[in-house]
Amino acid sequence: MANDTNRFQAIISHCKEYGFIFPSSEIYDGLQAVYDYGQMGAELKKNIRDYWWKSMTQLNDNIVGIDAAIFMHPTTWKASGHVDNFNDPMIDNKDSKKRYRVDHLIEGHAESLKTAGKDAEADALLAAMDALLAKDDFAGLKQLIEDNKIKCAVSETCNWTDIRQFNLMFSTEFGSTVSSDAEDNKVYLRPETAQGIFVNFLNVQKTGRMKIPFGIAQVGKAFRNEIVARQFIFRMREFEQMEMQFFIRPGTQKEWYEKWKETRLNWHKSLGIPAEKYRFHDHVKLAHYADAACDIEFEFPMGFKELEGIHSRTDFDLKQHQEYSKKKQQYFDNDIDPATGKPYGNYIPYVIETSIGLDRMFLAVISQAYEEQDLSTEEKKDSRAVLKLPVKLAPIKLAVLPLTKKDGLPELAEQLMAECRPHFRCFYEEKDSIGKRYRRMDALGTPFCVTVDHQSLTDGTVTIRHRDSMEQERVKMSEVRELVMKAIC
Ligand code: ATP
């Protein structure tokens, strides 16, 4: 692992080799920025999703989950501002015809300045970019690119077009009849799951008899026609979001915003990932709907990048839906306002949103877990690739390995499998040497391997091997299930 680029490449190869992630439709050479999760990846992704879902819905009495459709009435996206505002400023290089997102182009240059030890210059460049982005000053941004002689990586020239806005929503058509006006049939693939929550706000509030403050959580696919889609599953065109909208009384947003920032950071830390891998980044340019916003950034192999967004969305979305649908989106609050001695009455709630990409969380978890270890001794060369995944998230919790294929060992091993299978994911393997089988389980991130040997037949004990320390201990076979269950909780 000479450098972070090599490390990132090693993680991508590992994901493919061990059935975590494949390029989509690979036999046709793949589809850019679209990926499939394999047999191990689907399990790991599900475990991350479940961990988030449980932390939101099961552990909070005032948060419920929904599952809204991907297709929504097209007016939803007019009301939310996505038709008019869901744009990224882009610039094209006239020689290579390559298109760049302006902030990525400038950030990339700042990164190379930092690598060259010019930290102050890089910081000044980023500060200038933030200020210009905040004003939507495209002429100023182009000037900044030219003044800094930022080149296209392909043509290596500074021959740039003007900066233009590019909408990121995918659209398709509904129904079988072709309309003369294509706009009539146009529907969008949702670019975020949040709007499915907003349009169901009153349905959930009324049927669930929810009292403010309360939250609605959702996990689901989102689609964005990302222009510069690279860095593996960090930026995809089809991805999954885990979002929660927390509905509150107007005027309490500052306090809830701070609370959710803390709660979400604690969620990340609860997985045992070191705190220094995370940092907050406050938004300089606020989105059209927000009165405060920050990202939780994670130190990915390619540096600190956004993993989760926490946004104070005011009453923007519900107000917009009220206006476009002509249906009141109000809540009646019968709690007494101490200032007036009367109920708070009718209002459109304010919202704090927490929004995390499931795929980005997957990348954070797997890149943190991946280690290549040199285990060579004077006698022989040896190494292993190990995924030190949090036990709760590991795709397989326990591998059951009979030492040989005979003498009744497979039958005894099967007894242990039968005992554990209903409670957590187990894996049975009798091929190859024990050493090879351990290595394979290390690469999949399996925290416990149990070897059933001849001694097991006589005294009912087995060897349990711990993934991270590689330590082995002799335990009663009847205690294995409990031992693993304890580690999962
Ligand atoms: P970025 O600045 O990286 O494009 P964003 O600020 O547009 O992200 P949000 O709209 O706040 O992202 O979406 C919430 C979360 O969804 C992000 O923090 C990220 O984890 C995830 N996400 C957004 N876009 C993508 C994508 N193209 N691929 C994978 N995950 C994504």
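Residues numbered from 1 in each chain as written. Predicted model: local features only at pLDDT ≥ 70, side-chain atom pairs only at ≥ 80, totals over all residues. Heavy atoms only, no water.

J.: For the site of the ligand, give the residues involved together with the corresponding values.
T.: The local shell around the ligand holds 16 residues, among which Glu226, Arg235, Met236, Glu306 and Leu307 are the closest. At 2.8 Å, a side-chain N or O of Arg235 approaches an oxygen atom of the ligand. At 3.3 Å, a side-chain N or O of Gln241 approaches an oxygen atom of the ligand. Across the complex, the protein chains shield 86% of the 590 Å² of accessible surface that the ligand would expose by itself. Contributing elements (two or more residues each) for the shell around the ligand: strand 10 (238-248), strand 13 (303-314) and strand 16 (350-357). Residue composition of the shell around the ligand, by class: four nonpolar, five polar and seven charged. (Near = heavy atom within 4 Å. Polar contact = N/O pair within 3.5 Å; in protein donor to acceptor, adjacent residues only side chain to side chain. Areas by Shrake-Rupley, 256 points an atom, 1.4 Å probe, with all protein chains shown as cover. Helix = DSSP H or I, 4+ residues; strand = E, 2+ residues; numbered from the N terminus. Nonpolar A, V, L, I, M, F, W, Y, C, P; charged D, E, K, R; others polar.)

J.: Go over unusual backbone geometry, please, and point to the residues and values.
T.: Between Ile212 and the following residue, Pro213, the backbone shows a cis peptide bond with an omega angle of 5°. Note on placement: Pro213 falls in the loop between helix 10 (201-207) and strand 9 (214-223). Positive phi is not limited to glycine here, since Lys149 has a value of about 50°. Tracing the chain through its elements places Lys149 in the loop between helix 7 (138-147) and strand 6 (164-167). The residue Lys326 is not glycine, and still its phi comes out positive at about 60°. Mapped onto the fold, Lys326 is located in the loop between helix 12 (316-325) and strand 14 (331-337).

J.: Provide a residue-level description of the side chain of Arg7, including the pertinent values.
T.: Here Arg7 shows up in helix 1 (residues 4-17). Here Arg7 falls in the buried class, since its relative accessible area comes to 17%. At 2.2 Å, the side chain of Arg7 forms a polar contact with the backbone oxygen of Ser367. (Buried < 20%, exposed > 50% of the residue type's maximum accessible area, 1.4 Å probe, protein only.)

J.: Could you give an account of the packing of helix 1 against helix 13 (residues 358-369), with specific residues and numbers?
T.: Between helix 1 and helix 13, the shortest axis-to-axis distance is 10 Å and the interhelical angle comes to 105°. As judged from the angle between their axes, helix 1 and helix 13 are roughly perpendicular. On the side of helix 1, the interface is formed by Arg7, Phe8, Ile11 and Cys15, while helix 13 contributes Leu363, Ile366, Ser367 and Gln368. By residue class, the composition of the contact of helix 1 with helix 13 is five nonpolar, two polar and one charged. (Axes fitted to C-alpha atoms, helices over the stretch in contact; angles between N-to-C directions. Parallel < 35°, antiparallel > 145°, perpendicular 65-115°, else oblique. Contact = heavy atoms within 4.5 Å.)

J.: Explain the environment of Thr161 to me, and be specific about the residues and the numbers.
T.: Considering the arrangement of structural elements, one finds Thr161 in the loop between helix 7 and strand 6. Assessed through its relative accessible area of 19%, Thr161 is described here as buried. Sequence-wise, Thr161 and Asp130 are 31 residues apart; in three dimensions their C-alpha atoms are separated by 21 Å. Contact partners of Thr161, with chain neighbours within four places excluded, come to Ile91, Asp92, Lys94 and Lys142.

J.: With reference to specific residues and values, describe the pattern of salt bridges.
T.: For the coordinates displayed, the defined rule picks out 34 salt bridges. Between Lys142 and Glu146 there is a salt bridge, with the nearest N and O atoms lying 3.9 Å from each other. One end of the pair, Lys142, and the other, Glu146, are both in helix 7, four residues apart, so they sit about a helical turn from each other. Taking the shortest distance from any N to any O, the salt bridge between Arg384 and Asp442 comes out at 2.9 Å. Of this pair, Arg384 sits in strand 18 (residues 383-387) while Asp442 is found in helix 15 (residues 434-444), placing the two residues 58 residues apart along the sequence. Accessibility classification places Arg384 together with Asp442 in one group, the buried group. Several salt bridges share partner residues, and in doing so they unite Asp88, Arg101, Asp103, Glu226 and Arg235 into one network. (Salt bridge = Lys/Arg side-chain N within 4 Å of Asp/Glu carboxyl O.)

J.: I'd like a rundown of the domain arrangement of the protein chain, residues and numbers included.
T.: Domain boundaries assigned for the protein chain yield domain 1 (5-86 + 168-366) and domain 2 (396-488). Here domain 1 and domain 2 have C-alpha centroids that lie 39 Å from each other. The partner domain 2 presents six residues to the six residues of domain 1 that form the contact. Summing both sides of the interface, domain 1 and domain 2 together bury roughly 540 Å²; the carbon and sulfur share of this comes to 61%. Broken down residue by residue, the surface that domain 1 buries against domain 2 is led by Tyr18, Met40 and Glu43, which jointly contribute 70%. (Domains from an automatic or database assignment. Buried area = accessible area lost by both parts, 1.4 Å probe.)

J.: Give a description of the sheet that holds strand 22 (residues 461-466) that names residues and reports values.
T.: As summarised here, the arrangement of the five strands in space is 20-19-21-22-23, forming an open sheet in which the pairing is mixed. Strands at the two margins of the open sheet, each flanked by one partner only, are strand 20 (426-428) and strand 23 (472-476). Adjacent strand axes in the sheet meet at a mean angle of 25° when their direction is disregarded. Pairing analysis gives five bridges linking strand 22 to strand 23, with the strands arranged antiparallel. Bridged to Thr463 within strand 23 is Arg474. Packed onto the sheet, helix 14 (residues 409-420) meets strand 19 (398-402), strand 20 and strand 21 (448-452) and runs at close to 165° relative to strand 19. Taken strand by strand, helix 15 contacts strand 19, strand 20, strand 21, strand 22 and strand 23, and its axis lies near 170° from that of strand 19. (Pairing = 2+ DSSP bridges.)

J.: How would you explain the environment of Val480 if you had to name every residue and give the values?
T.: Within the secondary structure layout, Val480 lies in helix 17 (residues 480-488). Sequence spacing of Val480 and Leu398 is 82 residues, and the spatial spacing of their C-alpha atoms is 9.3 Å. Excluding anything up to four places from it in sequence, Val480 contacts Leu398, Leu416, Val450, Val462 and Val475.

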